[in-house]
Amino acid sequence: MLTLGIETSCDETAAAVLDGRTTVRSSVVSSQFIHANYGGVVPELAARAHARLIVPVVRNALAAAACRPADLGCVCATHAPGLMGALLVGLPFAKALAWSLEIPFVGVNHLEGHVFALRLSHPDLEPPFLAAVLSGGHTELLEVHDWCDYSELGSTMDDAVGEAFDKVAKLLGLGYPGGAALEELARSGRPAIRFPAPLQDGAHRDSLDFSFSGLKTAVLYHLHDHPNANRADVACSFQDAAIEAVNRRLVQAVERRRLGIVGISGGVAANDALRRRLARSADEFGFRLVVPPLDLCTDNAAMIAAVGAERLARFGPSPLDLAARARLPIGAPGV
Ligand code: KG4
Ligand code: ZN
């Protein structure tokens, strides 16, 4: 069966055609660069861009998969979480297309999409495993008991990890989104500055939650107190502290839950220093580390189609009045 996936939860307009559960026939992602001028995603501009791009992006995805709408067996779209105006482009588009073709529609939780990106890159992957979604909007540690069956082990109490990279990148005068540029700058720096390790003291030592806003503020104060600080050293020291925080939580979680596999996804999973640090921990603690290629780490619609195909088989179609939701925990009833 061919499944069309549609993703418009933030600033990527994406469509993909999936064959069965794991064969990606096409995946088209149109990133909106207009937000770089504003130092962050502007919801109204994102919604307008999605409205402009949705038809050409879907057309391209169908053409690249060499299929016509009539060949589709199901249409899926992200319905939560995300920017409301952005969700309200892809979601009704997908419903209307499914309705006109008289085929099932499935609404998908974006976070579940990031978990399924691991399945697309590693079709042999089987639960149970630990999944870490590390992106600009989310920092979630999930125990995947089975496909579509999760427990949240921890999440961020304030900024997402990618958000912290973006905010520090801004302090360092790099563009938006600045995670990749910050990593580039950090390559020529040394971890010379000791920034505080978040949530490592007292009551928080055993928690699996994250916090990145204190780290970001520490960088802000450091730059304020040392206006001539070496920017590459600041970038390198911040990156080291953020990576250590992620690494520590992942190791704590695998040990505590006795899991043998760790998968990371989301834009921050593209960070090479993070991948290398986690690979060392995988050797040391004896778990398998699963990391998708870059195009599956960042937002895409193939992962949305992968969730939809699985959920259709397990739970049937979603109702056509399924609402868009700005927030929704993964695994919430009915979705
Ligand atoms: O998953 P994603 O494409 O979008 C969502 O937020 O859902 O993730 C984008 C985030 C941004 O915060 C970006 O700065 C960060 O991923 N990012 C990186 C790197 N590449 C992208 N952060 C650190 N190092 C990188 N190499
Ligand atoms: Zn995402």
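Cut-offs and rules
Per chain, the residues get numbers from 1 upward, laid out in the order the sequence is written. For this description, chains carry letters from A and ligands carry numbers from 1, given in the order in which they are written. Since the coordinates come from a predicted model, pLDDT governs what is reported: local features require at least 70, and pairs of side-chain atoms require 80 or more to be given and counted, while whole-chain, interface and lining totals use all residues. Hydrogens are left out, water is left out, and the side-chain values use all remaining heavy atoms of the structure. One speaks of a salt bridge when a side-chain nitrogen belonging to Lys or Arg is within 4 Å of a carboxyl oxygen belonging to Asp or Glu. Counting from the N terminus, the helices are DSSP H or I runs at least four residues long and the strands are E runs at least two residues long. Categorising residues by exposure relies on relative accessible area from a 1.4 Å probe, with only protein chains included: less than 20% of the type maximum marks a residue as buried, more than 50% marks it as exposed, and the intermediate range marks it as partly exposed. Any residue with a heavy atom positioned within 4 Å of a molecule or strand is treated as near that molecule or strand. Two N or O atoms form a polar contact when they lie within 3.5 Å of each other; inside protein one atom must be a possible hydrogen donor and the other a possible acceptor, and for residues adjacent in sequence the pair counts only when both atoms belong to side chains. Per-residue and other accessible areas follow the Shrake-Rupley method at a 1.4 Å probe size, with only the shown protein chains counted as cover for residues. Here the coordinating atoms are restricted to nitrogen, oxygen and sulfur within 2.8 Å of the metal centre, or 3.2 Å for Na, K and Ca, and because water is not among them the sites may look incomplete. For four-coordinate sites, all angles between 85 and 135 degrees define a tetrahedron; for four- and six-coordinate sites, opposite donors beyond 155 degrees with the remaining angles between 65 and 115 define square planar and octahedral shapes respectively, and all other cases count as irregular. In this scheme, strands are said to pair when DSSP sees at least two bridges between them. Between the N-to-C directions of two axes lies an angle of 0 to 180 degrees, each axis being a line fitted to C-alpha atoms and, for a helix, fitted only over the stretch in contact. Contacts were defined at the residue level, with two residues in contact if any of their heavy atoms lie within 4.5 Å. Note that the term roughly parallel is reserved for angles under 35 degrees, roughly antiparallel for angles over 145, roughly perpendicular for angles of 65 to 115, and oblique for everything else. Amino acids outside the nonpolar list (Ala, Val, Leu, Ile, Met, Phe, Trp, Tyr, Cys, Pro) and the charged list (Asp, Glu, Lys, Arg) are all regarded as polar, and Gly is one of them. Residue ranges for the domains originate in an automatic or database domain assignment. Summed over both partners, the accessible area (1.4 Å probe) lost when two parts come together is defined as the buried area.

Draft legend 1. Spatial organisation of the pattern of salt bridges. If you walk through the whole model with that rule in mind, you get 17 salt bridges. When the shortest N-O distance is used, the salt bridge between Glu44 and Arg48 registers 2.8 Å. Within this pair, Glu44 and its partner Arg48 are both found in helix α1 (residues 43-64), separated by four residues, close to a single helical turn. Under the relative-accessibility criterion, Glu44 is labelled partly exposed at 46%. Arg48 gets classed as exposed once you look at its relative accessible area, which sits at 53%.

Draft legend 2. Structural detail: unusual backbone geometry. For the peptide bond that leads from Ala80 to Pro81, omega is -25°, which places it in the cis range. Positionally, Pro81 belongs in the loop between β4 (72-80) and α2 (84-101). Following Tyr176, the chain continues into Pro177 via a peptide bond in cis, with omega recorded as -10°. In this structure, Pro177 sits in the loop between α4 (161-171) and α5 (179-186). Notably, Glu102 is not glycine yet its phi reads approximately 60°, a positive angle. Counting through the fold element by element, Glu102 comes out in the loop between α2 and β5 (105-109).

Draft legend 3. Summary view of the site of ligand 1. Close contacts around ligand 1 come from 17 residues, with Gly136, Asp166, Glu183, Gly267 and Asn271 the closest. Within the backbone of Gly137, one N or O atom sits 3.2 Å away from an oxygen atom of ligand 1. With respect to ligand 1, the side chain of Asp166 contributes an N or O atom lying 2.6 Å from an oxygen atom. Contact with the protein chains removes 87% of the 550 Å² of surface that ligand 1 exposes when unbound.

Draft legend 4. Molecular detail of the coordination of the zinc ion (ligand 2). Binding of the zinc ion (ligand 2) to the protein goes through His110 (NE2), His114 (NE2) and Asp299 (OD), at separations of 2.1 to 2.2 Å. Given four donor atoms and angles of 92 to 139° at the metal, the environment of the zinc ion (ligand 2) is assigned as irregular. When the donor residues of the zinc ion (ligand 2) are listed from N- to C-terminus, their spacing reads H-x3-H-x184-D. With His110 in helix α3 (residues 110-121) and Asp299 in the loop between α9 (294-297) and α10 (302-315), the pair connects residues that are 189 residues apart, well separated along the chain. Of the two residues examined, His110 and Asp299, each falls in the buried class.

Draft legend 5. Structural context of the sheet that holds strand β8 (residues 149-155). Spatially, the five strands line up as an open sheet ordered β8-β7-β6-β9-β10, and their pairing is mixed. The open sheet has two free edges, formed respectively by β8 and β10 (288-290), since each of these has just one partner strand. Adjacent strand axes in the sheet meet at a mean angle of 25° when their direction is disregarded. Relative to strand β7 (residues 139-146), strand β6 (residues 129-134) runs antiparallel, the two being bridged by six bridges. Note that in β7 the partner of Ala131 across the bridge is Leu142. Strand contacts of helix α7 (residues 231-257): β6, β7, β8 and β9 (261-265), with the helix running at about 160° to β6, the strand carrying the most contacts.

Draft legend 6. How the structure looks around the packing of α4 against helix α6 (residues 213-225). In the contact formed by α4 and α6, the axes pass within 10 Å of each other and the chain directions differ by 10°. With respect to their mutual orientation, α4 and α6 come out roughly parallel. Of α6, the residues touching α4 (which contributes Lys167, Val168 and Leu171) are Lys216, Val219, Leu220 and Leu223. Its residues assigned to classes, the contact of α4 with α6 comprises five nonpolar, no polar and two charged.

Draft legend 7. Inspection of the domain arrangement of the chain at higher detail. You can read the domains of the chain as domain 1 (2-114 + 296-315) and domain 2 (127-291). Here domain 1 and domain 2 have C-alpha centroids that lie 28 Å from each other. For the pair domain 1 and domain 2, the summed buried area comes to about 1300 Å², and 66% of that belongs to carbon and sulfur atoms. Three residues stand out in domain 1 for area buried against domain 2, namely Leu111, His114 and Cys297, and they jointly supply 41% of the buried area on that side. The interface formed by domain 1 and domain 2 holds one salt bridge in total. Note that Asp146 is salt-bridged to Arg314, the shortest N-O span being 3.1 Å. Counting residues per element, the ones that place at least two in the side of domain 1 that touches domain 2 are α3 and α10.

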